[in-house]
Structure formats: structure tokens, C-alpha cells
Amino acid sequence: MMDTLLLGAAIALVVLAIVVLYRAIRGPTMLDRVLAVNVLGTNTVVILALLSAALDVPSFLDIALVYALLNFLMAVAISKFTVERGGVM
């Protein structure tokens, strides 16, 4: 029962990720695109954690942690790049 609920939540988050992907592609400003990519990364981490719990695969949590770290570093790098170009985040 709980596995089905966790898998359903993961599927719902995948559907929401598709909606956010639209914003990442069509965002009117650079800030919208950066924020959408960050949300996609966070969404991926949560989906991996839900799949890890539902399928009882602990290695997915390790992958989720590494992906969260990469997502954070990407956000910092893009922020630094934007500020150095004279833009304001």
C-alpha cells in the first residue's frame, strides 16, 4: 500500500517536472530559466528519494545526494556568472 502511494507521488512529480521544463525552455527571462532548472534538479532529488523508499533500493539515496550537491553547485556557478556579467539575480 505504501509503495503504491510513494510511486504515485513520484509519478505526480514527474508530471509536474514536465510543466517546469516548459518554463525552463520558454522562460521570458534568464532568471526564470535558472529558477526552473533549479526546481527541476530539486524535483529529481525528491523523485529519486521516493523511488528509493518505494523500491527499497538504498543506492538511489546516494545518487540523490550527489545530484543535490551538483544542483547546488550549478546554482552557485550560474549566480556568480550572472553577477560578474553585470546582471542582478
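Here, the structure is the one placed above.
Structure report, in brief. The shown structure was predicted, so the numbers you read here are calculated from the model rather than taken from an experiment. (Residues numbered from 1 in each chain as written. Predicted model: local features only at pLDDT ≥ 70, side-chain atom pairs only at ≥ 80, totals over all residues. Heavy atoms only, no water.)

### Regarding the packing of helix α2 (residues 30–55) against helix α3 (residues 59–84)
- Contact geometry for α2 and α3: axes closest at 9 Å, N-to-C directions at 170°. It follows from the interaxial angle that α2 and α3 lie roughly antiparallel. Only Phe-60, Leu-61, Ile-63, Ala-64, Tyr-67, Ala-68, Asn-71, Met-74, Ala-75 and Ile-78 of α3 make contact with α2, whose side of the interface consists of Val-34, Val-37, Asn-38, Gly-41, Thr-42, Thr-44, Val-45, Leu-48, Ala-49, Leu-51, Ser-52 and Leu-55.
- Its residues assigned to classes, the contact of α2 with α3 shows 16 nonpolar, six polar and no charged. (Axes fitted to C-alpha atoms, helices over the stretch in contact; angles between N-to-C directions. Helix = DSSP H or I, 4+ residues; strand = E, 2+ residues; numbered from the N terminus. Parallel < 35°, antiparallel > 145°, perpendicular 65-115°, else oblique. Contact = heavy atoms within 4.5 Å. Nonpolar A, V, L, I, M, F, W, Y, C, P; charged D, E, K, R; others polar.)

### Things to note about α2
- In this model α2 runs 37 Å from its N-terminal to its C-terminal C-alpha over 26 residues, within 8% of the 38 Å that 1.5 Å per residue would give.
- On its buried face, α2 sits against α1 (2–26) and α3.
- A positive phi of about 60° marks Asp-56, the residue just after α2. (Expected span 1.5 Å × (residues − 1).)

### A closer look at the nonpolar core
- Counting residues in hydrophobic clusters, the biggest one holds five residues: Leu-6, Ala-10, Ile-47, Leu-50 and Ala-54.
- Of all the secondary-structure elements, those providing two or more residues to this core are α1 and α2.
- Among the elements that make up this core, the one with the highest residue count is α2 (three residues).
- Excluding residues that lie within four positions of it along the chain, Ile-47 makes contacts with Ala-10, Leu-13 and Val-14. (Core = buried A, V, L, I, M, F, W, Y, C linked by side-chain atoms within 4.5 Å. Buried < 20%, exposed > 50% of the residue type's maximum accessible area, 1.4 Å probe, protein only.)

### Structural notes on unusual backbone geometry
- Unlike most non-glycine residues, Asp-56 shows phi in positive territory, near 60°.
- Locating Asp-56 in the fold gives a position in the loop between α2 and α3.
- On the basis of relative accessible area, Asp-56 is assigned to the exposed category, the value being 66%.

### Notes on the packing of α1 against α2
- It is the contact of α1 with α2, at a shortest axis distance of 9 Å, that shows an interaxial angle of 165°. If you check the angle between α1 and α2, you find them roughly antiparallel. Two packed elements cross with a definite hand, and for α1 against α2 that hand is left-handed.
- Classifying every residue of the contact of α1 with α2 by side-chain character gives 23 nonpolar, one polar and five charged. (Left-handed = near helix turned anticlockwise from the far one by under 90°.)

### Regarding the side chain of Asn-43
- Take Asn-43: it is sitting in helix α2.
- Assessed through its relative accessible area of 10%, Asn-43 is described here as buried.
- Leaving out residues up to four positions away in the same chain, Asn-43 has contacts with Leu-13, Leu-16 and Ala-17.

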